[in-house]
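# Fold and geometry: a report
Here is how the chains run, residue by residue.
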Amino acid sequence: MLRVRGLSKTFAGTKALDDVSFDLHRGEVLAIVGQNGSGKSTMVKVLAGVHQADPGGEIDVSAVGRGARREQLHFIHQDLGLIEPLSTTENLDLSRRLGLRDLLPGRRRGEHERATLLVRRAGAVIDVRSPIARLSPAERTIVALARAMDGWPRPDGVLVLDEPTASFHSSETERLFDAIRHVRDSGAGVLFISHRLDEIRAIADRVIVLRDGRSVLEVPVEEADDATLVRAMVGGEISGRSERDASTFGDVRLKVTDLAGVRLAGVSLSVQAGEILGVSGVLGSGREELGSLLFGSVRRRSGSVEVDGKTLRCGDVVDAIGTGMGLVPANRAQQGAVLRMNVRENLTLAGLQSVQRRFGWIPRRTERSEATRWARAVDLRPADPERPMAQLSGGNQQKVVLAKWLRTVPNVLVLDEPTAGVDVGAKVSIYELIRDAASQGTAVVISSSDTKELAEFCDRVVVLNGGRVVGELSGASLTEEAVLHMSFDVSAGAVAAS
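Since this is a predicted model, take the numbers as computed values, not measurements.

## What to know about the overall build of the protein chain
Helix and strand content of the protein chain: 17 helices and 19 strands. Taken across its 498 residues, the protein chain has 52% of its residues classed as buried. If you take every contact in the protein chain between residues at least 6 apart in sequence, the share linking residues at least 24 apart comes to 67%. Of the roughly 22600 Å² of accessible surface on the protein chain, 48% is carried by carbon and sulfur atoms.

In C-alpha cells, the structure reads:
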C-alpha cells in the first residue's frame, strides 16, 4: 500500500529524519514508536506534505490504485480539527464541496443518513445530530476517522493515525481499536503512531522503533517484548548522573495531597527545600496539567496544595504567588511571556512591588537597572533590557521567563518542559540557574517529557500513568531506562528477565 525509501529531513543542519525506509501492506497495522524528538512527528508531516523531504527519498503510494498520489494518504492528527458546537453531520460536510441543492432544508435527512453510513463504515454507531462537544474522546476520533475515509473510491486505502489515544481514558481505547480493526479488515493499510506499548501489542502487526531520526528496530509485534522496545528507544548510551546528598535538603516546602484535575486522579507528593523533583509520564498521563493545577491557573477538582504549611486557595494564582510559588509554563509564548513587551517589562512583571514607588509609579531608570542586572545574571544575549521579547531566540525567551521568577526568590518553582525548543548552550545555562535556585532553598518541580534530562538532573523522579503516581525513583535506581520502563508501565520483572 505504501513504500518509503531513504526518507530524510534536515532542519538547519540537524537530521530530524535520517534514511528511514519501510513498507506498509494491505490489511496491516504498522506501529511507529519512539521517544520525544525521535522523528515520529516529522515523518508524519513529510508524508502529509507539510514538510518537503530531502532530495533522494521516495514515497510510493502507487499500490493504492492506478494514478494514486501522496494526497490519497489520509491522516488523523492529534488535533482532530473538529468544530465542537457543530454536529457530526456538519463536521463531515465541511470536508467536502457542497452544491446549492445540498443547502436546501429538505436535504438534511439525506445528509444525516450519509453521515450515519460513514460512521458505521468506521465500525461505530453515533448520534450524528449531536454536537461534537457532547461526544467522548473516542467518539470524536471515530468521527475524524469517518471523515478521513470519506471519498475513498474503494474500502482499501492508507490511513495514518498520529497518537490517536493521547487524551483517552483506558476504557475508551478499545472502542477506537474496534474501528481501526474494521478499517484494516476492509483492506486498508494503517500506520499507527503511538508511545503506548500495551496499545501497540493490542492493535499492531509490526512495530518500528525510531531513535534520533533513524529506524533502529523493525520486528513483528509478537517478537517485540517491552524491554526490547524500550532499550531500542533509549539506545546503549545512558549517561550517568551526579547525586546530591539528600541530608542537605531542608523541611518540606511543597505538599500535594490527592490532587485531581481533568487527567490527574489523586496525586500526592512532597518536595523539600533545596530538592529538585522530576515528574515524568507519557502524553495523556496527567503530567501536562500538573503545573497549572499546582499554580492555580487551572482549577483543581479536588485535593490540596500547601506551601510552607499554608494551604493555597483553589484556582487562585495571586494566592500562589503570595506564598512564593512561581510557574515557568510549557507554552512560554502564550502563557509565560508577553511578546509585545520588551525584556525589561517582562523581567519585572512578577515582582513589580520591588521597583514601584508611591501611587504605583515605576521609575524607568530603577526598572532598567534591575532588568540589566538580571539579564546579565542569566547570560541573556544580548543583555539588552529594551529589546522586544519577540526578537529573542527561544532559549533567550526562556531565560527571561525563568529570571522573572528567580528575582522573586521563590519558595517553590514549578517548571513545565523548561528546556523544550532551546539550544544546547541555553540548556546548560538554564540547568545552572535552576540548580542555583535549589541551593538557596527553593523546592523545584520539573515536569518534562525528556527522560534523559530528568534522570541526569533531578534528585528524585515520580512517574505518572493514567493520572496517578505509579512509581518513584532516586539514587542509583534513577536512570533514563528505569524512568522509561516505568512510564511505559513495563514491570521490573520483565526488565530483569530481558
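## Structural notes on the environment of leucine 473
Tracing the backbone shows leucine 473 in strand β19 (residues 468-474). Residue class for leucine 473 comes out buried when judged on its relative accessible area of 8%. Residues leucine 473 and methionine 486, spaced 13 residues apart in sequence, show a C-alpha to C-alpha distance of 9.4 Å. Discounting chain neighbours no more than four positions away, the residues touching leucine 473 are Arg460, Val461, Leu478, Ala482, Val483 and Met486.

## With respect to the side chain of lysine 40
Tracing the backbone through its elements, the reader meets lysine 40 in helix α1 (residues 40-48). Among all residues touching lysine 40, those that are not within four sequence positions of it are Ile32, Val33, Gly34, Gln35, Glu163, Ile193, Ser194 and Leu210.

## Some details on the sheet that holds strand β15 (residues 325-328)
With respect to topology, 6 strands assemble into an open sheet ordered β15-β16-β17-β12-β18-β19, the strand pairing being mixed. In the strand order of this sheet, the two ends are held by β15 and β19, each with one partner. Put simply, the sheet's adjacent strands are angled 20° from each other on average, direction ignored. Of the strand pairs in this sheet, strand β18 (residues 460-465) and β19 are connected by 6 bridges, and their pairing is antiparallel. Considered in β19, the bridge of valine 461 is made with leucine 473. Along the sheet, helix α13 (residues 394-406) makes contact with β15 and β16 (412-416), crossing β15 at roughly 175°. The sheet strands contacting helix α16 (residues 480-487) are β12 (276-280), β18 and β19, and the helix crosses β19 at an angle near 165°.

## Examining α1
Turning to α1, its buried residues are Lys40, Thr42, Met43, Val44, Val46 and Leu47. Immediately beyond the C-terminal end of α1, within one or two residues, lies glycine 49, with a positive phi of roughly 90°.

## As for the sheet that holds strand β5 (residues 73-76)
Paired through backbone hydrogen bonds, the strands of a sheet run either parallel or antiparallel to each other. As summarised here, the arrangement of the 6 strands in space is β5-β6-β7-β3-β8-β9, forming an open sheet in which the pairing is mixed. Taken across any chain shown, the strands that pair with only one partner, and hence form the sheet edges, are β5 and β9 (214-220). Taken pair by pair, the neighbouring strands of this sheet meet at an average axis angle of 20°, ignoring direction. By the bridge criterion, 4 bridges tie strand β3 (residues 29-34) to strand β7 (residues 189-193) in an arrangement that is parallel. Across the sheet, residue isoleucine 32 finds its bridge partner in β7, namely isoleucine 193. Relative to the sheet, helix α4 (residues 137-149) contacts β5 and β6 (158-162), its axis offset from that of β5 by approximately 165°. In the packing of helix α7 (residues 226-234) onto the sheet, contacts are made with β3, β8 (206-211) and β9, and the angle to β8 comes to roughly 30°.

## Brief notes about the environment of valine 469
Mapped onto the elements of the fold, valine 469 is located in strand β19. Residue classification places valine 469 among the partly exposed positions, given a relative accessible area of 33%. The spacing of valine 469 and glycine 281 is 188 residues in sequence and 9.3 Å in space, taken between C-alpha atoms. In this view, valine 469 contacts Val267, Ser268, Val462, Val463 and Leu464; residues no more than four positions away in its chain are not counted.

Thresholds applied
- Residues numbered from 1 in each chain as written.
- Predicted model: local features only at pLDDT ≥ 70, side-chain atom pairs only at ≥ 80, totals over all residues.
- Heavy atoms only, no water.
- Helix = DSSP H or I, 4+ residues; strand = E, 2+ residues; numbered from the N terminus.
- Buried < 20%, exposed > 50% of the residue type's maximum accessible area, 1.4 Å probe, protein only.
- Contact = heavy atoms within 4.5 Å.
- Areas by Shrake-Rupley, 256 points an atom, 1.4 Å probe, with all protein chains shown as cover.
- Pairing = 2+ DSSP bridges.
- Axes fitted to C-alpha atoms, helices over the stretch in contact; angles between N-to-C directions.

That is the geometry; function is a separate question.
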